[in-house]
Amino acid sequence: MAQPNHDPITATADAGDVLGAYLRSQATAFLRGLRLHEESGADAAESGVAARSLRGAARRISGSLATFRVVTESSWADGLRTELVWLSSTLADEHAYAARLARLMDALHRLSGSPELPAPRGSAGALTVGSARAGALLDRQLTLARTRAHSATLQALGSSRFHAVADAVAVLASEVPLDAVAARGRVGEVLVPLAAVAETRLSAAVSALPPVGGCEAAPSPYDADHDGLWHEVRRLLRVHRYAREVLGEDVTRPAAAGEALDRHRDAAEAAAASATAARTPRIAPATAYALGVLHADQRHEVEAARAEFQHLWLREPAVTPR
């Protein structure tokens, strides 16, 4: 999704004017995505584009309401943010399962064609033999999950809860409920310190990450706790990036670091899916072997994404001078 364009923002501008303009622009983007979704009908490609547009706008609004909560009417901001997080999560599931299946199928195809991969002793070609069955198993499991997510999305978009959210965003497109006192403050005195808090939280979360191993290291066992720490950094980085957007600052580096963490999340969830499939009762040894190789491959991708993020992060100071 293209980053929002901003005119230069001065530190003496009214905080309410700056935040209000950003929120109205994102509300307009949300309504545009909603209209596109309604017009897409059965076109899966257009529907996917519309869903991504809706998610992007919903995340930007909810993230900004979290960071700059005190500048708004807090009870209104809390309620809308909760609903937008629900909607964004619901819309993301179907796309996530489809992307995960495509990622795993591509990896299986690549791995089964590689002569460098070892096969178990006494079972030459086990990966090639097992990859077709592993692919079929993953296809069944993830397609079923995607179908359920699609049904959940349709149900959500037809619900009174969604229509209430859409109505609230439509109102936001023209009027932003602001705190009468905080909104009259200047950007440099109100918005900049609040954005700095979000940046500090991100920096602390990055500092708490476990060390990143070298690319040549053996793949580490699946560790949900460590993955969770990285997923939290991804969330905080996104909130930080949106705060910088509100202030009209450059977000090129945070966006690049965020893309590395997106790849980390995708690889970690793909590894988890292959591990789940490998626990299917009574699968053939060759199938289990193929899934194990696939799991290790995706954990390598996890480590590579972690190293890439660290490289990008170290190129930019944790706290940006203002």
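Our subject is the structure listed above.
Quantities reported herein were computed from a predicted structural model and do not represent experimental measurements.

## Considerations on the overall build of the chain
Then step 1. Each helix and strand in the chain was counted, giving nine helices and zero strands.
Then step 2. Ordering the α and β elements of the chain from the N terminus gives α-α-α-α-α-α-α-α-α.
Then step 3. Within the chain, the fraction of its 322 residues that count as buried is 42%.
Then step 4. In the chain, once contacts between residues fewer than 6 apart in sequence are set aside, the share between residues at least 24 apart is 82%.

## Points about the pattern of salt bridges
Then step 1. With the rule as written, the count across this model stands at 15 salt bridges.
Then step 2. For Glu245, the salt bridge identified is with Arg60, shortest N-O distance 2.9 Å. With Glu245 in helix H7 (residues 224-246) and Arg60 in helix H2 (residues 44-67), the pair connects residues that are 185 residues apart, well separated along the chain.
Then step 3. Residue classification places Glu245 among the buried positions, given a relative accessible area of 1%.

## Observations concerning the environment of Ser62
Then step 1. For Ser62, the position within the fold is in helix H2.
Then step 2. Here the alpha-carbon distance between Ser62 and Thr82, two residues 20 residues apart in the chain, equals 7.8 Å.
Then step 3. Those residues in contact with Ser62, other than ones at most four positions away along the chain, are Arg81, Leu84 and Val85.

## A few points about the layout of surface pockets
The probe, sized like a water molecule, is rolled over the atoms to show the empty space still left.
Then step 1. Reported here for the largest pocket is a volume of approximately 1600 Å³.
Then step 2. Considering the residues around the largest pocket, the lining is formed by 45 residues, among which Arg59, Arg234, Arg238, Asp262 and Arg265 are closest to the centre.
Then step 3. Elements that contribute at least two residues to the lining of the largest pocket include exactly H2, helix H3 (74-112), helix H6 (191-207), H7 and helix H8 (252-278).
Then step 4. With 13 residues, the single largest contributor to the lining of the largest pocket is H3.
Then step 5. Class assignment of the residues belonging to the lining of the largest pocket gives a composition of 16 nonpolar, 11 polar and 18 charged.

## Considerations on unusual backbone geometry
Then step 1. Of note in this structure, Arg282 is not a glycine but carries a positive phi near 60 degrees.
Then step 2. Positionally, Arg282 belongs in the loop between H8 and helix H9 (285-314).
Then step 3. Of the residues examined, Arg282 reaches a relative accessible area of 83% and is grouped as exposed.

## Things to note about the nonpolar core
Then step 1. Residues Phe30, Phe68, Val71, Leu84, Leu87, Phe162 and Leu191 are the most contacted members of the largest nonpolar core, which totals 40 residues.
Then step 2. Counting only elements with at least two residues in this core, the list comes to helix H1 (15-40), H2, H3, helix H4 (126-157), helix H5 (160-172), H6 and H7.
Then step 3. The residues touching Leu191, leaving out its near neighbours within four places in the chain, are Ala15, Val18, Leu19, Phe68, Val71, Arg186, Val246 and Leu247.
Then step 4. Counting 16 residues, the second-largest nonpolar core is a separate cluster that includes Ala107, Ala273, Leu291 and Val293.

## Description of the packing of aromatic side chains
Then step 1. Counted by the stated rule, this structure contains two aromatic pairs.
Then step 2. Between the aromatic rings of Trp230 and Phe309, the centroid separation amounts to 5.9 Å while the plane-to-plane angle is 80 degrees, which identifies the pairing as edge-to-face. Separated by 79 residues along the polypeptide, Trp230 in helix H7 and Phe309 in helix H9 bring together distant segments of the chain. Comparing Trp230 with Phe309 shows no difference in burial state: the two are buried.
Then step 3. Seen from their ring centres, Phe309 and Trp313 are 6.0 Å apart, and the 20 degrees between their planes marks the pair as stacked. With Phe309 and Trp313 both in helix H9 and four residues apart, the pair spans about one turn of that helix.
Then step 4. Taken together through their ring pairs, the aromatic side chains of Trp230, Phe309 and Trp313 make up a single cluster.
Then step 5. The cationic tip of Arg161 hangs over the ring face of Trp86; the distance from NZ or CZ to the ring centre is 4.1 Å.

## Things to note about H6
Then step 1. Taking 1.5 Å per residue as the helical rise, H6 with its 17 residues ought to reach 24 Å, and the 25 Å between its terminal C-alpha atoms agrees with that figure.
Then step 2. Of all the positions in H6, only Leu191, Leu194, Ala195, Ala198, Glu199, Leu202, Ser203, Ala205 and Val206 are classed as buried.

The rules behind these values
- Residues numbered from 1 in each chain as written.
- Predicted model: local features only at pLDDT ≥ 70, side-chain atom pairs only at ≥ 80, totals over all residues.
- Heavy atoms only, no water.
- Helix = DSSP H or I, 4+ residues; strand = E, 2+ residues; numbered from the N terminus.
- Buried < 20%, exposed > 50% of the residue type's maximum accessible area, 1.4 Å probe, protein only.
- Contact = heavy atoms within 4.5 Å.
- Salt bridge = Lys/Arg side-chain N within 4 Å of Asp/Glu carboxyl O.
- 1 Å grid on protein atoms, 1.4 Å probe; cavity = no way out; pocket = protein on both sides within 12 Å on 5 of 7 lines; lining within 4 Å.
- Points joined across faces, edges and corners; volume = space filled by probe spheres on them.
- Nonpolar A, V, L, I, M, F, W, Y, C, P; charged D, E, K, R; others polar.
- Core = buried A, V, L, I, M, F, W, Y, C linked by side-chain atoms within 4.5 Å.
- Phe/Tyr/Trp six-rings, centres within 6.5 Å; stacked < 30°, edge-to-face > 60°.
- Lys NZ or Arg CZ within 6 Å of the ring centre and 35° of its normal.
- Expected span 1.5 Å × (residues − 1).

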